[in-house]
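What follows is each chain in one-letter form.
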Amino acid sequence: LFRAGLLIPAVGMVLMTLPTVLIRFLRPGSRDSLDGFVIGALAGLCFSAAATLVRLAPQVTTGLIAHARPVMGLVVEVVLCGVTVPITAAAAGGMIGVVLWFRQPEGRGAQHHGGRVRLVLALVAAAALLLHAGVGVMDIVSMPQLTMLVFHLTATVLVLLALRLVLQLALLHEAHDPIAEDQPLLCPQCEMVVPDMAFCPACGAA
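In this text, all values refer to a predicted model and were calculated from it rather than measured experimentally.

A. Expanded view of a nonpolar patch on the surface. A contiguous nonpolar patch, built from Leu7, Val11, Leu15, Leu18, Leu22 and Leu26 and spanning about 550 Å² of accessible area, is present on the exposed surface. Looking at where Leu22 falls in the secondary structure, it is placed in helix H1 (residues 2–26).

B. Representation of the nonpolar core within the structure. Ranked by size, the top nonpolar core spans 25 residues in total, and within it Met16, Met95, Leu121, Leu129 and Val166 carry the most contacts. Where this core is concerned, the elements lending two or more residues are H1, helix H3 (71–101), helix H4 (108–140) and helix H5 (145–173). The element that contributes the greatest number of residues to this core is H3, accounting for nine residues. Residues in contact with Met16, not counting those within four places in the same chain, are Ala43, Gly44, Phe47, Ala89, Ala92, Gly93 and Leu129.

C. Examining the packing of H3 against H5 more closely. Two elements in contact, H3 and H5, have axes whose closest approach is 9 Å; the angle formed by their N-to-C orientations is 20 degrees. What the angle tells us is that H3 and H5 run roughly parallel. The crossing of H3 and H5 is left-handed. By residue class, the composition of the contact of H3 with H5 is 22 nonpolar, six polar and no charged.

D. Fine view of the side chain of Ser48. With respect to the secondary-structure elements, Ser48 resides in helix H2 (residues 33–56). Apart from the residues within four sequence positions on either side, Ser48 is in contact with Val85, Pro86 and Ala89.

E. Structural detail: unusual backbone geometry. One non-glycine residue, Glu191, lies in positive phi territory at about 60 degrees. Residue position: Glu191 is located in the loop between strand E1 (180–186) and strand E2 (193–196). Assessed through its relative accessible area of 63%, Glu191 is described here as exposed.

F. Expanded view of the packing of H2 against H5. Here H2 crosses H5 at 150 degrees, and the two axes come no closer than 10 Å. Judged on the interaxial angle alone, H5 and H2 are roughly antiparallel. Touching Ser33, Leu34 and Phe37 of H2 are Leu163, Leu167, Ala170 and Leu171, all from H5. In terms of residue class, the contact of H2 with H5 is made up of six nonpolar, one polar and no charged.

Cut-offs applied
Residues numbered from 1 in each chain as written. Predicted model: local features only at pLDDT ≥ 70, side-chain atom pairs only at ≥ 80, totals over all residues. Heavy atoms only, no water. Patch = residues over 30% accessible without salt bridge, like charges linked within 9 Å, V, L, I, M, F, W, Y side chains within 5 Å. Areas by Shrake-Rupley, 256 points an atom, 1.4 Å probe, with all protein chains shown as cover. Salt bridge = Lys/Arg side-chain N within 4 Å of Asp/Glu carboxyl O. Helix = DSSP H or I, 4+ residues; strand = E, 2+ residues; numbered from the N terminus. Core = buried A, V, L, I, M, F, W, Y, C linked by side-chain atoms within 4.5 Å. Buried < 20%, exposed > 50% of the residue type's maximum accessible area, 1.4 Å probe, protein only. Contact = heavy atoms within 4.5 Å. Axes fitted to C-alpha atoms, helices over the stretch in contact; angles between N-to-C directions. Parallel < 35°, antiparallel > 145°, perpendicular 65-115°, else oblique. Left-handed = near helix turned anticlockwise from the far one by under 90°. Nonpolar A, V, L, I, M, F, W, Y, C, P; charged D, E, K, R; others polar.

Any functional reading would require information beyond the geometric quantities listed.
Shown next, in the form of structure tokens:
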């Protein structure tokens, strides 16, 4: 239980976040929370894909058709490997990227407030990583497949809600680029010409 359910998922979480950490410290250029989210989510998806290939590799030797396996077991495995695990990995990795790319605003009061926001972001991201790693315990405990599917779906919903909270906090409280309201630009979200601001005044996109 400790090795397969806790140690291996914990090492996997370290390996999943390692590319994001390396990119952050090797390329300390312009910092934007959404850039960190994209990098972290991509690292999470790539690691999840590699882990799924390794996990399903022994099934290649069973042939094209698994006559002895029930359909429900195959459906649950498809949902876990194709939906819940990649989504939670991408969300957790994206939150780590947001924390690393979060840029605190200038000023003593603003920096103090930004420090508290960064702490909240780090705690939520760590909780998401622990939840994603803790799902590995359920994979080795003998429980009904539908119960395992419910646990995975619940963890996915919780991680997505945490990601929504992290993105909103980061975008609202990070240091924004200089605003030039007299220079119009085309919003890529709503395709309207709006003033150059941190958020689109028409649709609210960052």
